[in-house]
Amino acid sequence: QRMAEAFTKEGGTLHLKAANVSLERDGDRVTRVTWDGGSVENPQEVVWTGSIHRLCALLEVPREELPFITILLGMMKMRKPFPSGEDLYTYVAYPDIVFNRIYYPNRSIAGLCPPGKDSLCVEVTPTEQREQTLPENVEEEIYSGLEKLNICRREDVEEIQFVWVPEGYPVYPLDYREKLTRIWEEIDTLSNLRSIGRSGQFWYNNMARSMGVGIETAQDVLGAEEGG
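Residues numbered from 1 in each chain as written. Predicted model: local features only at pLDDT ≥ 70, side-chain atom pairs only at ≥ 80, totals over all residues. Heavy atoms only, no water.

A. Geometry of the overall build of the protein. Of the regular secondary structure elements, the protein holds seven helices and 10 strands. Taken over the C-alpha atoms alone, the protein extends approximately 60 × 45 × 35 Å along its principal axes. Burial status across the protein gives 34% buried among its 228 residues. Roughly 14600 Å² of accessible area belongs to the protein as shown, and the carbon and sulfur atoms make up 51% of that amount. The distance from the centre of the 24 positive side-chain charges to the centre of the 37 negative ones in the protein is 5 Å. (Helix = DSSP H or I, 4+ residues; strand = E, 2+ residues; numbered from the N terminus. Buried < 20%, exposed > 50% of the residue type's maximum accessible area, 1.4 Å probe, protein only. Areas by Shrake-Rupley, 256 points an atom, 1.4 Å probe, with all protein chains shown as cover. Lys, Arg positive; Asp, Glu negative; His and termini not counted. Charge placed at Lys NZ, Arg CZ, Asp CG, Glu CD.)

Structural data, given as C-alpha cells:
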C-alpha cells in the first residue's frame, strides 16, 4: 500500500485486478496492452510477470512443454498467538496429511497480526486426483492434520480462506534449458518487453529474489529512460 501511494503520488496510474490482459505486437515491439476496461497504446516498456506459457500464446511464440504445479493455500486467522519460535515454515512429509508445508507469517514480520492474534498458512500440492478438489473438501483434513502435528486445535482457528495459485512451482525437465533457450530467442527480439519473476522466467526462486529482480528491472527501465 505504501509503494502504491508513492507510485501514484509521482504520477503513476495503478490498475488492480485487471482481467483478460492481452498484448499485441508489430515486428520487434509490443504496440498495445489491453485488459477488460482499459488499454495502453504504444507502451515504452512492458514488464510481464505472468505465465510464460500465456506470454507465448499472446505473442504467437511456439510453446514448449515446461510444466508447473498449481498449489492451494489455506490461510487462517488464529484466535491466539503461537508460542515464540524461529521456524518460518515447516515441511510435512506424512502421506496421510493433506498439506505439505506450514507457514508462520507473523514470525517473518512481527506485527502483521493484531495483538493477541496470530496467523497460519498451509500449502496443499494437489495430486492429479486432487487437481479439481474443492477447498471445502480438504478443510477438515487440514484441521485434522494440524491437530495430529500438535500445531493447533480446530477451535483455535477463527477463519480460513483458500486461494489457488496457478503455476506456483516450475518443474524442471532434464531438457528445460534447451526449451527455455528456444523461447527466449524469440521473446528477446521484442525490444520493449521484459518477462520476469518465477512464472515469467520459469525460475524456481523465492519471494525475496523476485522482489530483487523487480527492483533491478525498475532501475534498468529508469536508466534507459534517462539515457543512462
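B. Focus on the sheet that holds strand β6 (residues 89-91). One open sheet holds the five strands; their spatial order is β6-β7-β8-β5-β9, and the pairing between them is antiparallel. Each end of this open sheet is capped by a strand with a single partner; those strands are β6 and β9 (157-170). Averaged over all adjacent pairs, the angle separating strand axes in this sheet is 20 degrees, with direction ignored. As judged from the three bridges shared by strand β7 (residues 101-103) and strand β8 (residues 118-124), these two strands associate in the antiparallel manner. (Pairing = 2+ DSSP bridges. Axes fitted to C-alpha atoms, helices over the stretch in contact; angles between N-to-C directions.)

C. Broad picture of the pairing of strand β2 (residues 29-35). Summarising the sheet, strand β1 (residues 22-26) and β2 pair through five bridges and their orientation is antiparallel. For Glu-24, the partnering residue across the bridge sits in β2 and is Arg-32. Hairpin connection, β1 to β2: the antiparallel pair is bridged by two residues, and Gly-27 has positive phi, about 65 degrees. Note that β2 and strand β3 (residues 38-41) share four bridges and pair antiparallel.

D. View of the packing of helix α2 (residues 52-59) against helix α5 (residues 176-187). Relative orientation of the contacting elements α2 and α5 amounts to 45 degrees, with a least axis distance of 12 Å. Classified by the angle between their axes, α2 and α5 sit oblique to one another. Judged by the sense of rotation from one axis to the other, the crossing of α2 with α5 is left-handed. For the pair formed by α2 and α5, the contact residues are Ile-52, Leu-55 and Cys-56 on the first element and Leu-180, Ile-183, Trp-184 and Ile-187 on the second. Across the contact of α2 with α5, the residue classes tally to seven nonpolar, no polar and no charged. (Parallel < 35°, antiparallel > 145°, perpendicular 65-115°, else oblique. Left-handed = near helix turned anticlockwise from the far one by under 90°. Contact = heavy atoms within 4.5 Å. Nonpolar A, V, L, I, M, F, W, Y, C, P; charged D, E, K, R; others polar.)

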